[in-house]
Amino acid sequence: MVDGGSHYGVSAVTFDSQEELLWMGNQGGHVTSYYGLNMQKFTSFQVHATNEIRQMVTTDTGVLSLTSDLLRLSSRHGRTSFDYREESMHDMQCMLLTSPETLLLGGHQTKVLELDLNTVEVKTEWEVEEPGCAIMRTTNKFICTGDTSGKVLFRDPKTLKPEHVLEAHSGTISDFDVHENLLVTCGFASRMGNLTVDRFLMVYDLRMMRAVAPMQAPIDPMFIRFMPTYSARLAVVSQAGQFLLMDTGSMPSAHTFRYHVNTEGAMCTAFDVPSSCQGMSFGDSGGFLHLFATGDHAVYNTYSRATEFADHVEPLHPISIHDELTPYSIIPMQYGTEGKLLSDWPDHLCKKVYK
């Protein structure tokens, strides 16, 4: 169970792109990081008093945490680098690093902000169509955004004007991912006025901007991620805690193995895959964080930099009160810059002697 898990569920998870850290944000605005496959707690700090963490992105200098109305950059040790609020920031949902210094911010609103992370100022503010942006991804040519109307829009990176529109689902989009020339979406279908999970994964060839044969999943898909180290294999996750690996070039068979996350009845609310594709992380509404790995020596990144830990404090051995031989000088002591020590003699009782 994560910090605050007894009261709040996990709302966001992300693997660190620089170090062997796994980051988690919960519905109470708290962020915790864990080191390595043993999930040793590394840092834990509060970002917002009440609002949930909706997305996290790691940079070279720290981790960005987004709530509905606040963006915070924190160092990996938990120290706040900056907080950013804007009047137009309400019901924010997603963010995307377009360069090491530039971040896009979007949400269920008609404004998308381009933020300079060095100056912490808005470089550009764009107007977009209703209902805004719920998910952001990037390709070599476009910024891809998904919204609650079930559409995926391919936008010009310089103007954010839509160049192509894909109507993927009749309801809303829950997730989509892009790898090379393929885009795959999962979402909800509108049937008789109600939203139901669409078991068809919509697949698009970006070279022709057209749909190819959809893939039917044997589970109710809620999250999807490409596993690039396994060609075009796709990880599909349901809210019930089931997940499987599907090849985009073939349909799943009855013998496709289903994996189960032990959520103990809680819903799976967050999912992420590291850059090495050697693991998966799941967060659930019961406040638990789950980690699956390919082996005991799995890594999050191919070339991770060393994580800086706090200095180890050497314990002091106790001294018996009846010990008359041990000198007190073996006990380290820091001399204060203000005030005097009890052992300091007054000036009128001291005399300077030169050798």
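Look above for the structure.
Residues numbered from 1 in each chain as written. Predicted model: local features only at pLDDT ≥ 70, side-chain atom pairs only at ≥ 80, totals over all residues. Heavy atoms only, no water.

Novice: Just give me the short version of the sheet that holds strand β27 (residues 279-284), but keep the residues and values in it.
Specialist: Pairing in this open sheet of three strands is antiparallel, and the strands run β26-β27-β28 from one edge to the other. In this open sheet, the two strands that pair with only one neighbour each are β26 (268-272) and β28 (289-293). With strand direction ignored, the average angle separating the axes of adjacent strands in the sheet is 20°. (Pairing = 2+ DSSP bridges. Helix = DSSP H or I, 4+ residues; strand = E, 2+ residues; numbered from the N terminus. Axes fitted to C-alpha atoms, helices over the stretch in contact; angles between N-to-C directions.)

Novice: Outline the pattern of salt bridges, supporting the account with residue identities and numerical values.
Specialist: Applying the stated criterion across every chain, the model contains 17 salt bridges. The partner of R76 in a salt bridge is E19, and the shortest N-O contact between them spans 3.9 Å. Within this pair, whereas R76 is found in the loop between β7 (71-74) and β8 (80-84), its partner E19 is found in the loop between β1 (10-15) and β2 (21-26), the two being separated by 57 residues in sequence. With a relative accessible area of 7%, R76 lands in the buried category. Relative accessible area serves as the criterion here: at 7%, E19 is assigned to the buried category. The residue R155 makes a salt bridge to E129 at a minimum N-O spacing of 3.0 Å. (Salt bridge = Lys/Arg side-chain N within 4 Å of Asp/Glu carboxyl O. Buried < 20%, exposed > 50% of the residue type's maximum accessible area, 1.4 Å probe, protein only.)

Novice: Run through the packing of aromatic side chains, naming residues and quoting values.
Specialist: Aromatic ring pairs are reported here in terms of the distance separating the ring centres and the angle at which the planes meet. Enumeration over the complete set of coordinates arrives at 11 aromatic pairs. Taken together, a centroid distance of 5.0 Å and an interplanar angle of 85° make the contact between Y35 and F309 edge-to-face. Here Y35, found in strand β3 (residues 30-35), pairs with F309, found in the segment after β28; they are 274 residues apart in sequence, far enough to count as distant. By relative accessible area, which is 36% here, F309 ends up partly exposed. Geometrically, the ring pair formed by F282 and F292 is edge-to-face, given 5.6 Å between the ring centres and 80° between the ring planes. With a gap of 10 residues between them, F282 in strand β27 and F292 in strand β28 connect regions that are remote in the sequence. You can call F292 partly exposed: its relative accessible area is 30%. In textbook terms, an aromatic cluster arises when at least three aromatic residues are bridged by ring pairs, as seen for F243, F257, Y259, F271, F282 and F292. Over the face of the ring belonging to F176 we find R137, whose NZ or CZ atom lies 5.6 Å from the ring centre. (Phe/Tyr/Trp six-rings, centres within 6.5 Å; stacked < 30°, edge-to-face > 60°. Lys NZ or Arg CZ within 6 Å of the ring centre and 35° of its normal.)

Novice: Break down a nonpolar patch on the surface for me, citing the residues and quoting the values.
Specialist: Taken together, the side chains of L316, I319, Y328, I330 and I331 make up a nonpolar region of the molecular surface, amounting to roughly 570 Å² of accessible area. By secondary structure assignment, the location of I330 is in the segment after β28. (Patch = residues over 30% accessible without salt bridge, like charges linked within 9 Å, V, L, I, M, F, W, Y side chains within 5 Å. Areas by Shrake-Rupley, 256 points an atom, 1.4 Å probe, with all protein chains shown as cover.)

Novice: Break down the sheet that holds strand β25 (residues 259-260) for me, with residues and values.
Specialist: Reading across from one edge, β22-β23-β24-β25 is the order of the four strands in this open sheet, with antiparallel pairing throughout. At either end of the open sheet lies a strand with only one pairing partner, and these are β22 (223-227) and β25. Pairing of strand β24 (residues 242-247) with β25, which is carried by two bridges, proceeds in the antiparallel orientation. Bridge pairing in β25 places F243 opposite Y259.

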